[in-house]
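Here's the letter readout for the chains.
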Amino acid sequence: MITIPLGFISQQIIPFPFHPLSVCPNFHSTTPSATILSSKIPLKIRPVIPKSHQTDHLSSPQTTTTTVTQDDGIPYDLVKTLVKFKSLHNYIRVLEVSRKADHPFAGARLLLLDTPGNIHSISFLFKLFTKTYFDVFATLPPILPFGPLGILGFGSGSAANIILKLYPQGVIHGWELDPAVISVGREYFGLSRLEREYPDRLFIYIGNAMQASVTDGFSGILVDLFSKGSLLPELQDHKTWEKLKKRLRKGGRIMVNVGGSCVEAEDSWRDGKLMMEETLKAMHLVFGDKVNVLNLGNRNEDSSIALTGDLPNFDEWKNALPRPLRCYVDMWRPFKG
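Counting starts from 1 at the beginning of each chain's written sequence and moves along it residue by residue. Restriction of local features to residues with pLDDT of at least 70 applies here, the model being predicted, together with a cutoff of 80 or more for giving and counting side-chain atom pairs; totals for whole chains, interfaces and linings are based on all residues. Note that water and hydrogens are dropped before the side-chain values are worked out from all heavy atoms of the structure.

## Quick notes on the pairing of strand β5 (residues 108-112)
And step 1. Classification of residues uses two cut-offs on accessible area relative to the type maximum, computed with a 1.4 Å probe and protein chains only: under 20% is buried, over 50% is exposed, and between them is partly exposed. Helix and strand assignments come from DSSP, with helices taken as H or I runs of at least 4 residues and strands as E runs of at least 2, each series counted from the N terminus. Across the five residues that make up β5, a large majority, four, are buried.
And step 2. Paired strands, as defined in this entry, are two strands with at least two bridges between them according to DSSP. Sheet topology note: the strand β4 (residues 91-97)/β5 ladder contains four bridges and is antiparallel. Bridged to E96 within β5 is R109.
And step 3. Strand direction decides the pairing type here: β5 and strand β6 (residues 119-124), joined by five bridges, are antiparallel. Directly across from R109, in β6, lies its bridge partner S123.
And step 4. Turn length for the β5-β6 hairpin, with the two strands adjacent in sequence and antiparallel, is six residues, and the turn residue G117 shows positive phi of about 90°.

So this is what it looks like as C-alpha cells:
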C-alpha cells in the first residue's frame, strides 16, 4: 500500500471528522457485496396485483419478510415517466419513483438510455448519496494528485454532483457523446444548477470521450462508457488503455465501471460478464499488477469497479472520506489476471 497524497482535495481540505468504524448504509447484512446496488442493472417494473388476486399466504403472519433490493422491481403505479424520446444515440427515458415505494430507489429520478432499461444516472431530492457505484466513484479524489478530474461518460452528472459537493477544490471536466443526455440532465437532474454553482469547477464537453484531454493531464479519470446496454468495444482493446494512461499526470489513476452479468445488452452476444472480463484483461496488459477490483455483486449477479495504481493505505483513505463512503475502501482486492 502507498500513502495518500491528498492532492485533489488540496491542503485546505481536512479529513472528515467521523468515527473510523462505520457501517455502510447500503448493507443490510454482514455480507456487503450481497446487497449493495449493482451498476447499470436494468430497472424492473412489476405490475400491481389486485388484492382480489392475491393468495392468502401473502398476508399470513407466518410469511417470512425479506429485504427489498434493486432486483425486486417497483410496482408500475409507483413509477412516473417524466419524458421519453429517441435521440440520435439513445432511447432516453426519465422516471420518477414514488417515495411510497418499498424500494432502494424510492424518491429517485432515474435516467434510462437503452432498450433493456439500464440505469445511467440517478438523483434524490433530499439526499446526496445514491447507494450505487456513483458513490464508489466519489471515493477516488482523496487518492489523486493535484489536478483536474475527467469523467468519460458524464451522463446527467450523478458522479459530478457528489464529487463537487464533497471536495471544494475539485475541478471536473466531463465528456458526453449525446447532447440530449446533457439537456435532460439540466432539466430533470439539477445539472443546470450545478453549472451555475460551480462555473469555474465544472466543464462539460459534447463529443467522443476517447478524445478527452486537458493541459498537463488529468489527476484521475472516471470511465463510465456504455452503448446499447454494453461496455464500449474500445474498452476491450489494450490500446485504449495505453492512450488513457498517457493522459494522466504523474501519480494519476483511472477508476472504471466495468459492469458485469447484471448489465443487459441489446445485442445478446455481448454478454455483460464476458465484456467485463475482457475489459479487465485489456487493462491488465497495460497496468500489470496495478489493477484492483471492487465487486458490487447483488444476489447471483456480479458487477464490478476497477481501479489502477497501488492500493492506498486504507486507514488514511477512510479518514479522508465522509462516513457513508468509508465502507467501500475495504472491498478492494487486487485483480488476479
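## Let's talk about the side chain of N161
And step 1. Structurally, the position occupied by N161 is in helix α2 (residues 158-166).
And step 2. The term polar contact refers here to a pair of N or O atoms within 3.5 Å; inside protein, the definition further demands a hydrogen-donor-capable atom paired with an acceptor-capable atom, and it admits residues adjacent in sequence only when both atoms are side-chain atoms. Engagement of the side chain of N161 in a polar contact is seen with the side chain of K165, the distance being 2.9 Å.
And step 3. When neighbours within four sequence positions are excluded, N161 is seen to be in contact with L128, R193 and L194. Whether two residues are in contact is decided by their heavy atoms: any pair within 4.5 Å suffices.

## With respect to the sheet that holds β4
Neighbouring strands of a sheet are bound in pairs by backbone hydrogen bonds; such pairs are parallel or else antiparallel.
And step 1. The antiparallel open sheet is built from four strands, whose spatial order is β3-β4-β5-β6. The open sheet has two edge strands, β3 (79-86) and β6, and neither has a second partner. Neighbour-to-neighbour, the strand axes of the sheet open up by a mean angle of 15°, direction not taken into account.
And step 2. Running at roughly 20° to β4, helix α3 (residues 179-188) makes contact with β3, β4 and β5 of the sheet. Axis definition: a line fitted to C-alpha atoms, over the contacting stretch in the case of helices. Angles run 0 to 180 degrees between N-to-C directions.

## A short note on the packing of aromatic side chains
And step 1. Only rings of Phe, Tyr and Trp enter the pairing, Trp through its six-membered ring, and a pair is recorded when the two centres are within 6.5 Å. The plane angle decides the type: under 30 degrees is stacked, over 60 is edge-to-face, the rest tilted. Taken as a whole, this structure holds five aromatic pairs when the rule is applied.
And step 2. With centroids separated by 5.4 Å and ring planes inclined at 90°, the aromatic side chains of Y133 and F137 adopt a geometry described as edge-to-face. Residue Y133 and its partner F137 are located together in helix α1 (residues 133-137), separated by four residues, close to a single helical turn. There is no split in this pair, since Y133 and F137 are both buried.
And step 3. Aromatic side chains W175 and F218 sit 6.0 Å apart centroid to centroid with 85° between the ring planes, which places their arrangement in the edge-to-face category. In this pair, W175 is assigned in strand β8 (residues 172-176) and F218 in strand β10 (residues 218-223), connecting sequence segments 43 residues apart. Residues W175 and F218 agree in their burial class; the two are buried.

## Quick notes on α2
And step 1. With respect to burial, α2 is a largely interior element, eight of its nine residues being buried.
And step 2. Of all the positions in α2, only S158, A159, A160, N161, I162, I163, L164 and L166 are classed as buried.

## Considering the nonpolar core
And step 1. Nonpolar cores were defined as sets of buried Ala, Val, Leu, Ile, Met, Phe, Trp, Tyr and Cys residues, with membership established by side-chain atoms within 4.5 Å. Formed by 55 residues in total, the largest nonpolar core has its most connected members in F105, L202, M255, I305 and W332.
And step 2. Of all the elements, α2 adds the most residues to this core, at six residues.
And step 3. Each residue touching L202, except ones within four places of it in the same chain, is listed here: F154, A160, L164, I172, L191, L194 and E195.

## Considerations on the sheet that holds strand β15 (residues 304-308)
And step 1. What the eight strands build is an open sheet, ordered β9-β8-β7-β10-β13-β15-β14-β16; its pairing is mixed. With partners counted over all chains shown, the strands left at the sheet margins are β9 (202-206) and β16 (332-334), one partner each. Taken pair by pair, the neighbouring strands of this sheet meet at an average axis angle of 20°, ignoring direction.
And step 2. Pairing between β10 and strand β13 (residues 248-259): five bridges, direction parallel. Note on β13: the bridge partner recorded for G220 is R253.
And step 3. Lying over the sheet, helix α5 (residues 238-246) contacts β7 (149-152), β10 and β13, oriented at roughly 140° with respect to β13.
And step 4. Running over the sheet, helix α6 (residues 272-287) touches β13, β14 (291-295) and β15 and is turned about 165° from β13.

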